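# Understanding the architecture of this molecule
Listed below are the residues making up each chain.
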Amino acid sequence: QVQLVESGGGLVQAGGSLRLSCTASGRTFSRYGMGWFRQAPGKERELVAAISWSGGSTFYADSVKGRFTISRDNAKNAVYLQMNSLKPEDTAVYYCAAKPSTSYAYWGQGTQVTVSS
């Protein structure tokens with residue numbers, strides 16, 4: 001069992017930056033792939049970025065490429081999402097999730113990110 005807790009959300013002006021953090025309980029964190037998802041009102045949840053267990057492989061949605069960076073620190077049981085050049089369309093609740101095998105099985109409670117224009 002893994003418990004995930006996100007932090008770092010907030011209100012920022014367009015063009016600004018935020019860094020989201022996700023800390024995990026459990027000794028198997030370093031073996032899991034991790035992802036950041038977001039869900040805006042009235043929209044489906046989408047995968048924003050993902051990182052392999054070792055950190056050697058990453059994925060980004062086209063909408064955030066070049067602006068967001070995912071990273072992890074297995075020694076701290078943490079995964080991060082650095083968000084730069086934020087746009088109003090980035091406004092959403094952001095969730096981190098853990099993928100023990102082929103699907104994301106553990107989810108955090110989410111953190112709100114609001115970008116004002």
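I will try to describe carefully the structure that is included in this document.

What counts, and at which threshold
Residues numbered from 1 in each chain as written. Predicted model: local features only at pLDDT ≥ 70, side-chain atom pairs only at ≥ 80, totals over all residues. Heavy atoms only, no water. Helix = DSSP H or I, 4+ residues; strand = E, 2+ residues; numbered from the N terminus. Buried < 20%, exposed > 50% of the residue type's maximum accessible area, 1.4 Å probe, protein only. Pairing = 2+ DSSP bridges. Axes fitted to C-alpha atoms, helices over the stretch in contact; angles between N-to-C directions. Lys, Arg positive; Asp, Glu negative; His and termini not counted. Salt bridge = Lys/Arg side-chain N within 4 Å of Asp/Glu carboxyl O. Polar contact = N/O pair within 3.5 Å; in protein donor to acceptor, adjacent residues only side chain to side chain. Disulfide = S-S within 2.5 Å. Core = buried A, V, L, I, M, F, W, Y, C linked by side-chain atoms within 4.5 Å. Contact = heavy atoms within 4.5 Å.

## Overview of the environment of Arg27
- Inspection of the secondary structure puts Arg27 in the loop between β3 (18-24) and β4 (33-39).
- Taking the C-alpha atoms as reference, Arg27 lies 8.4 Å from Asn77; in sequence the two are 50 residues apart.

## Quick word on the pairing of strand β7 (residues 68-73)
- Residues Phe68, Ile70 and Arg72 of β7 are buried on one face, while the alternating residues Thr69, Ser71 and Asp73, pointing to the opposite face, are not.
- In this sheet, strand β8 (residues 78-83) lies alongside β7 in antiparallel orientation, the contact comprising six bridges. Across the sheet, the residue bridging to Arg72 is Val79, located in β8.

## Observations concerning the sheet that holds strand β1 (residues 4-7)
- One open sheet holds the four strands; their spatial order is β1-β3-β8-β7, and the pairing between them is antiparallel. Only two strands of the sheet have a single partner each, and these edge strands are β1 and β7. Direction aside, the axes of adjacent strands within the sheet are offset by 15° on average.
- Note: β3 against β8, six bridges, orientation antiparallel. What sits directly across from Ser21, in β8, is Tyr80.

## Structural notes on the side chain of Arg72
- In this structure, Arg72 sits in strand β7.
- Although Arg72 is buried, it forms no salt bridge, and the closest oppositely charged side chain is Asp73 at an N-O distance of 8.2 Å.
- Engagement of the side chain of Arg72 in a polar contact is seen with the backbone oxygen of Trp53, the distance being 3.5 Å.

## Some details on the state of the cysteines
- Inspection of every chain in the model, using the stated rule, returns one disulfide.
- Covalently, Cys22 is tied to Cys96 through a disulfide, its sulfur atoms 2.0 Å apart. Of note, the bridge from Cys22 to Cys96 carries an S-S torsion of about 45° and is right-handed in sense. Here the residue Cys22 occupies a position in strand β3, and Cys96 occupies one in strand β9 (residues 92-99), the gap between them amounting to 74 residues. The burial state of Cys22 is the same as that of Cys96; both residues are buried.

## Concerning the nonpolar core
- Of all hydrophobic cores here, the largest spans 31 residues; its most connected members are Leu4, Met34, Trp36, Leu81, Met83 and Tyr94.
- Among the elements of the structure, β3, β4, β5 (46-51), β7, β8, β9 and β11 (111-116) are those that each provide at least two residues to this core.
- Every residue in contact with Met83, bar those within four places of it in the chain, is listed here: Gly16, Ser17, Leu18, Leu20, Arg67, Phe68, Tyr94 and Val113.

## Here's the deal with the pattern of salt bridges
- Throughout the structure, instances matching the rule amount to four salt bridges.
- We note a salt bridge from Asp90 to Arg67, for which the minimum N-O separation is 2.7 Å. With a gap of 23 residues between them, Asp90 in the loop between β8 and β9 and Arg67 in the loop between β6 (58-60) and β7 connect regions that are remote in the sequence. Each member of the pair Asp90 and Arg67 is classed as buried.
- The network of salt bridges with shared partners includes Arg38, Glu46, Arg67 and Asp90.

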